[in-house]
Amino acid sequence: MEYLKFFDDIEKIVLVDELAKFLGVNKDGVIDIGYPDIVKTAAHSCGTVAGAYLIALKGLKALYGEELPRRGEIKVELKKSPTKDNTGVVGCVLSNITGATTDYGFGGIPGGKFNRRELLFYEADIDTDVRFTRVDTGKSVGVDYRPKRVVDPMSILMSAIGKDAKEEDIKTFPARFQAMVKTVFDNSDKVIDIK
């Protein structure tokens, strides 16, 4: 699949997934997920997808420190409903990365081990956009994503679809839109707050 070169420059998220090890995917269960993987599952790259990736990257680092995050053992809570402000997109990206699902995911092997259900929650009573909690220790971190500190995705979009959009605006839109995504990644410390 052809995609923009800067996607490969974005730091990968490395986790350990005991289910992957158990099922023989590899010997140690270590899985790395890059932004191109998320772009493939979302079938696009935008400020929301980039933000969700950064929420996971920065949030899981804060939650686990030097340890590898444990995929399938992370509770994910989102403050908004899945239909508000593209929160469902964020939830899908976080589900792909963490393994957490609502009631639709893997229910575990007989006996319940490796169950991924009831780990992803919308409309959570939290003070941040997202909260990650370690199932093993109960430690939590909250994460906020604030892209407007460095970009305005809606103004770029409207420049191509608005009533005043010119042919040149439409023609240059894809490059300008992905330049906006790159700006988000280049300023990850400015757009992500860990609490």
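Residues numbered from 1 in each chain as written. Predicted model: local features only at pLDDT ≥ 70, side-chain atom pairs only at ≥ 80, totals over all residues. Heavy atoms only, no water.

Asks: Got a sec to walk through the overall build of the protein? Specific residues and values, please.
Replies: Assigned secondary structure in the protein consists of 7 helices and 7 strands. Along its sequence from the N terminus, the protein presents helices and strands in the succession β-α-β-α-α-β-α-β-β-β-α-α-α-β. Its C-alpha radius of gyration of 18 Å places the protein within 12% of the 16 Å reference for a compact globule of 195 residues. Viewed in the frame of its principal axes, the protein has a C-alpha envelope of about 60 × 40 × 30 Å. (Helix = DSSP H or I, 4+ residues; strand = E, 2+ residues; numbered from the N terminus. Rg over C-alpha atoms; globule rule 2.2 N^0.38 Å.)

Asks: Break down the nonpolar core for me, citing the residues and quoting the values.
Replies: Tyr35, Ile97 and Phe132 are the most contacted members of the largest nonpolar core, which has 47 residues in total. The dominant element in this core, judged by the number of residues it contributes, is helix α3 (residues 47–64), at 11 residues. Contact partners of isoleucine 97, with chain neighbours within four places excluded, come to Ile13, Leu15, Ile33, Ile38, Tyr53, Ala56, Leu60 and Arg71. (Core = buried A, V, L, I, M, F, W, Y, C linked by side-chain atoms within 4.5 Å. Buried < 20%, exposed > 50% of the residue type's maximum accessible area, 1.4 Å probe, protein only. Contact = heavy atoms within 4.5 Å.)

Asks: Explain the packing of aromatic side chains to me, using residue names and the numbers behind them.
Replies: Under the defined criterion, the tally for this structure stands at 8 aromatic pairs. Ring centres of tyrosine 35 and tyrosine 53 lie 5.6 Å apart, and the angle between their planes is 80 degrees; this geometry places the pair in the edge-to-face category. In this pair, tyrosine 35 is assigned in helix α2 (residues 35–42) and tyrosine 53 in helix α3, connecting sequence segments 18 residues apart. Centroid distance phenylalanine 173 to phenylalanine 177: 5.1 Å. Interplanar angle 40 degrees. Geometry classified as tilted. Linking phenylalanine 173 with phenylalanine 177, this pair stays in helix α6 (residues 167–186), spanning 4 residues, or about one helical turn. For phenylalanine 173, a relative accessible area of 19% puts it in the buried group. An aromatic cluster is present here, built from Tyr3, Phe6, Phe7, Tyr35, Tyr53 and Phe185 joined pairwise through their rings. Residue placement shows lysine 75 over the ring face of phenylalanine 121; its charged tip is 5.4 Å from the ring centre. (Phe/Tyr/Trp six-rings, centres within 6.5 Å; stacked < 30°, edge-to-face > 60°. Lys NZ or Arg CZ within 6 Å of the ring centre and 35° of its normal.)

Asks: Please set out the packing of α3 against α6 residue by residue, giving values where relevant.
Replies: For the pair α3 and α6, interaxial distance at closest approach is 9 Å and the crossing angle is 20 degrees. Viewed along their axes, α3 and α6 adopt a mutual orientation that is roughly parallel. Crossing of α3 over α6 shows right-handed handedness. Within the contact between the two elements, α3 uses Gly47, Ala50, Tyr53 and Leu54 and α6 uses Met180, Val181, Val184 and Phe185. (Axes fitted to C-alpha atoms, helices over the stretch in contact; angles between N-to-C directions. Parallel < 35°, antiparallel > 145°, perpendicular 65-115°, else oblique. Left-handed = near helix turned anticlockwise from the far one by under 90°.)

Asks: Could you give me a rundown of a nonpolar patch on the surface, with the residues and numbers involved?
Replies: Taken together, the side chains of Phe22, Leu23 and Val25 define a hydrophobic patch exposed on the protein surface, amounting to about 340 Å² of accessible area. Relative to the elements of secondary structure, valine 25 occurs in the loop between α1 (18–22) and β2 (30–33). (Patch = residues over 30% accessible without salt bridge, like charges linked within 9 Å, V, L, I, M, F, W, Y side chains within 5 Å. Areas by Shrake-Rupley, 256 points an atom, 1.4 Å probe, with all protein chains shown as cover. Salt bridge = Lys/Arg side-chain N within 4 Å of Asp/Glu carboxyl O.)

Asks: Tell me about the layout of surface pockets, and name the residues and values.
Replies: To locate leftover empty space, one rolls a probe as large as a water molecule over the atoms. Computed from the structure, the largest pocket encloses a volume of approximately 780 Å³. Along its surface, the largest pocket is lined by 23 residues, and Thr48, Asp85, Asn86, Tyr145 and Pro147 are the ones closest to its centre. For the lining of the largest pocket, the secondary-structure elements that each account for two or more residues are α3, α4 (87–98) and α5 (153–161). Split by residue class, the lining of the largest pocket holds 12 nonpolar, 4 polar and 7 charged. (1 Å grid on protein atoms, 1.4 Å probe; cavity = no way out; pocket = protein on both sides within 12 Å on 5 of 7 lines; lining within 4 Å. Points joined across faces, edges and corners; volume = space filled by probe spheres on them. Nonpolar A, V, L, I, M, F, W, Y, C, P; charged D, E, K, R; others polar.)

Asks: Residues and numbers for unusual backbone geometry, please.
Replies: The phi torsion at alanine 43 lies on the positive side, around 65 degrees, for a residue other than glycine. Judged by its relative accessible area of 67%, alanine 43 falls in the exposed class. Of note in this structure, glutamate 118 is not a glycine but carries a positive phi near 60 degrees. Looking at the element boundaries, glutamate 118 is found in the loop between α4 and β4 (120–121).

Asks: Talk me through the side chain of serine 81; I want residue IDs and the actual numbers.
Replies: Within the element layout of this structure, serine 81 appears in the loop between β3 (74–78) and α4. Sequence-distant contacts of serine 81, defined by excluding residues within four places in its chain, comprise Thr87, Tyr122 and Glu123.

Asks: Hey, could you go over the pairing of strand β5 (residues 130–134) for me, with residue numbers and the actual values?
Replies: Most of β5 sits out of view: 4 of its 5 residues are buried. In this sheet, β5 lies alongside β3 in antiparallel orientation, the contact comprising 5 bridges. Across the sheet, the residue bridging to lysine 75 is threonine 133, located in β5. Where β5 and strand β6 (residues 140–145) come together, 4 bridges link them in antiparallel fashion. When the bridges of β6 are listed, threonine 133 appears paired with serine 140. Linking β5 to β6, which pair antiparallel, is a turn of 5 residues; within it glycine 138 sits at a positive phi near 85 degrees. (Pairing = 2+ DSSP bridges.)

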